[in-house]
Amino acid sequence: MDTEKSVQETVQEGYRRIAFGDVSDPIRLLFCEEITPRMLKGMDLFSISEIKRLKGGGMEIKFFDRIQALQCMQELEGESSVSGFYQALEEGAKALGNE
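Reference entry: report on the structure contained in this document. Treat the numbers as computed from the prediction; the structure is a model and nothing was measured. (Residues numbered from 1 in each chain as written. Predicted model: local features only at pLDDT ≥ 70, side-chain atom pairs only at ≥ 80, totals over all residues. Heavy atoms only, no water.)

With respect to the nonpolar core
Core analysis: the biggest nonpolar cluster contains 5 residues, these being Leu29, Met43, Ile48, Met59 and Ile61. Once you skip the residues sitting within four places of it in the chain, leucine 29 turns out to touch Ile35, Leu40, Met43, Leu45, Ile51, Met59 and Ile61. (Core = buried A, V, L, I, M, F, W, Y, C linked by side-chain atoms within 4.5 Å. Buried < 20%, exposed > 50% of the residue type's maximum accessible area, 1.4 Å probe, protein only. Contact = heavy atoms within 4.5 Å.)

What to know about the pairing of strand S1 (residues 48-53)
Examined bridge by bridge, S1 and strand S2 (residues 59-63) share 5 bridges and lie antiparallel to one another. Within the sheet, the bridge partner assigned to isoleucine 48 lies in S2 and is phenylalanine 63. Hairpin connection between S1 and S2: a loop of 5 residues separates the two successive antiparallel strands, and glycine 57 in this loop has a positive phi of roughly 105 degrees. (Pairing = 2+ DSSP bridges. Helix = DSSP H or I, 4+ residues; strand = E, 2+ residues; numbered from the N terminus.)

Some words on the pattern of salt bridges
Applying the stated rule across the entire model yields 5 salt bridges. A salt bridge links glutamate 13 to arginine 16, with the nearest nitrogen and oxygen atoms 3.0 Å apart. In this pair, glutamate 13 and arginine 16 are both assigned in helix H1 (residues 2-20), 3 residues apart and thus about one turn of the helix distant. A relative accessible area of 36% means that arginine 16 is categorised as partly exposed. Two residues, aspartate 25 and arginine 28, come together in a salt bridge whose shortest N-O distance is 2.3 Å. Separated by 3 residues within a single helix, aspartate 25 and arginine 28 lie in helix H2 (residues 24-31), roughly one turn from each other. By relative accessible area, which is 46% here, arginine 28 ends up partly exposed. (Salt bridge = Lys/Arg side-chain N within 4 Å of Asp/Glu carboxyl O.)

Looking at the environment of valine 11
As for its position among the elements, valine 11 is in helix H1. Assessed through its relative accessible area of 34%, valine 11 is described here as partly exposed. Sequence separation between valine 11 and methionine 73 is 62 residues; the distance between their C-alpha atoms is 8.6 Å.

Remarks on H2
Among the residues making up H2, those that are buried are Asp25, Pro26 and Leu29. Angular distribution of buried residues about the axis of H2 spans 100 degrees; they occupy a single face of the element. As for H2, its buried residues are in contact with helix H3 (37-41), S1 and S2. (Arc of directions from axis to C-beta.)

Structure follows, in structure tokens:
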């Protein structure tokens with residue numbers, strides 16, 4: 001159960017980073033003249049879903065959908081509420097069975 005909870009928390013945190021994350025590093029990347037591996041290592045690029053180098057020398061950056069991330073967070077939150085309800089029912093049934 002703890003592993004399931006930690007996985008759900010990890011997923012929630014990922015969606016939270018997509019939904020509310022800062023996009024200043026990806027924007028900075030878009031306007032850089034020269035990109036080095038060291039520079040990339042220090043950037044938070046979690047919100048990027050795709051990067052393309054264009055033939056004309058430019059760059060195209062696509063971001064994950066923030067609205068979709070919020071919807072997924074809401075669905076996960078609903079699931080945890082329901083599972084908590086069922087867990088409480090189970091514990092109540094066990095307690096009644098022990099009496």
